[in-house]
Amino acid sequence: MKSNLITTLFQKLHFIKVVAGRFFKILFRKHKKIELLQLEYDRNPIFQNGYLIINYRFKNAIYYGFNHNKTLEKQIKIFDLTNIEHEFNLIVYGFFQKKEYQIKIEPQLNFKSQNFKTKFKNLATQLEFQQIENINIPSLNIKQKKQSILLPKIKVRNHPIIFKSNSFNQNDFI
C-alpha cells in the first residue's frame with residue numbers, strides 16, 4: 001500500500017515537472033496558440049477487438065487528455081478497442097488554453113474465437129526405438145605459449161636551438 005502511494009506520488013511529481021518545463025518553454029515563444037500539425041487514425045478499423053493507433057502532433061501543446069486520462073506522450077498513442085468507447089475526445093492543453101478533437105471509430109467486423117479440441121480417430125502409431133551409438137570424441141590438448149611483446153627502442157635527439165641575431169639600431173629600421 002505504501003509503495004503504491006509512493007509510485008503515484010512520483011508519477012504526479014514527474015508529470016508536474018514535465019508540464020512546468022513545457023510551460024516555460026512556450027512562455028518565451030512569440031506565438032503561443034495551439035496548432036494542429038498532424039492527427040491520423042483509422043476511422044474504420046477492421047476488427048472490434050483490435051488496436052487503434054492515433055498519430056498526432058501539435059505545436060505549443062503541454063499535455064494531452066484521452067477519456068479523462070492525462071498523458072505526456074507527444075506522437076503516438078495505442079488503444080485496445082475492447083477497452084475504449086467508439087467515440088471519445090482528444091483534449092490538447094496548451095498555454096492557458098485547450099482544444100478538443102472528437103475521435104469517432106466504427107469497427108467493421110468482430111473476430112470470434114472459441115476454444116476447440118482436436119480429436120484423432122483411427123490413428124495407428126508404430127514407434128520404433130533405436131539405440132544411439134556411443135560417440136567417442138578424442139581428447140584435445142591445448143597448449144598455451146608465453147606471450148611477449150616486442151617494442152622498438154625509441155630515441156629522442158635533442159638539438160639545441162641557436163638564434164643568430166644582429167644588433168640593430170634605430171637608423172637601420174628607418
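Each remark here, short or long, concerns the structure printed above.
Residues numbered from 1 in each chain as written. Predicted model: local features only at pLDDT ≥ 70, side-chain atom pairs only at ≥ 80, totals over all residues. Heavy atoms only, no water.

A. Up close: the overall build of the chain. Scanning the chain for helices and strands turns up two helices and seven strands. Traced from its N-terminal end to its C-terminal end, the chain shows the element sequence α-β-β-β-β-β-β-β-α. Taking all 174 residues of the chain together, the buried fraction comes to 22%. Here the contacts in the chain between residues at least 6 apart in sequence split such that 58% fall between residues at least 24 apart. Per element, the accessible surface of the chain, about 17,100 Å² overall, is 54% carbon and sulfur. (Helix = DSSP H or I, 4+ residues; strand = E, 2+ residues; numbered from the N terminus. Buried < 20%, exposed > 50% of the residue type's maximum accessible area, 1.4 Å probe, protein only. Contact = heavy atoms within 4.5 Å. Areas by Shrake-Rupley, 256 points an atom, 1.4 Å probe, with all protein chains shown as cover.)

B. Highlighting the side chain of Thr71. Inspection of the secondary structure puts Thr71 in strand E4 (residues 69-71). For Thr71, a relative accessible area of 9% corresponds to the buried category. Looking at Thr71, its side chain comes within polar contact range of the main-chain nitrogen of Glu73, at 3.2 Å. Beyond its immediate chain neighbours, meaning those up to four positions away, Thr71 contacts Tyr56, Tyr63, Tyr64, Phe66 and Lys77. (Polar contact = N/O pair within 3.5 Å; in protein donor to acceptor, adjacent residues only side chain to side chain.)

C. Geometry of the layout of surface pockets. Estimates place the volume of the largest pocket at around 230 Å³. Lining the largest pocket, in full, are Arg22, Lys25, Ile26, Arg29, Leu37, Arg57, Phe58, Asn60, Ala61, Tyr64, Lys74 and Gln75. If you list the elements that add at least two residues to the lining of the largest pocket, you get helix H1 (2-27) and strand E2 (51-59). At three residues, H1 tops the list of elements feeding residues into the lining of the largest pocket. Here the lining of the largest pocket is built from residues that sort into five nonpolar, two polar and five charged. (1 Å grid on protein atoms, 1.4 Å probe; cavity = no way out; pocket = protein on both sides within 12 Å on 5 of 7 lines; lining within 4 Å. Points joined across faces, edges and corners; volume = space filled by probe spheres on them. Nonpolar A, V, L, I, M, F, W, Y, C, P; charged D, E, K, R; others polar.)

D. Just a nonpolar patch on the surface, in detail. A cluster of nonpolar side chains, Ile6, Leu9, Phe10 and Leu13, forms an exposed patch at the surface whose accessible area comes to about 400 Å². Here Leu13 lies in helix H1. Accessibility expressed as a relative area gives 46% for Leu13, which makes it partly exposed. (Patch = residues over 30% accessible without salt bridge, like charges linked within 9 Å, V, L, I, M, F, W, Y side chains within 5 Å. Salt bridge = Lys/Arg side-chain N within 4 Å of Asp/Glu carboxyl O.)

E. Molecular detail of the pattern of salt bridges. Inspection of every chain in the model, using the stated rule, returns one salt bridge. The salt bridge partner of Glu73 is Lys77, with a shortest N-O separation of 3.7 Å. By relative accessible area, Lys77 is classed as buried at 19%.

F. Summary view of the sheet that holds strand E6 (residues 87-94). Taking strand neighbours across the sheet as the criterion, the four strands line up as E4-E3-E6-E7 in an open arrangement whose pairing is antiparallel. Each edge of the open sheet carries a strand with a single partner, namely E4 and strand E7 (97-104). Ignoring which end each strand starts from, the neighbouring axes of this sheet average 25° apart. Two elements, strand E3 (residues 63-66) and E4, share three bridges in a ladder whose sense is antiparallel. By the bridge assignment for E4, Gly65 is matched with Lys70. (Pairing = 2+ DSSP bridges. Axes fitted to C-alpha atoms, helices over the stretch in contact; angles between N-to-C directions.)

G. Looking closely at unusual backbone geometry. Of note in the backbone geometry, Asn60 takes a positive phi value of approximately 65° without being a glycine. You can see Asn60 is positioned in the loop between E2 and E3. Asn60 gets classed as buried once you look at its relative accessible area, which sits at 3%. In this structure, Phe96 takes a positive phi of about 55° despite not being glycine. Position of Phe96 relative to the elements: it lies in the loop between E6 and E7. Among the residues examined, Phe96 registers a relative accessible area of 71% and is labelled exposed.

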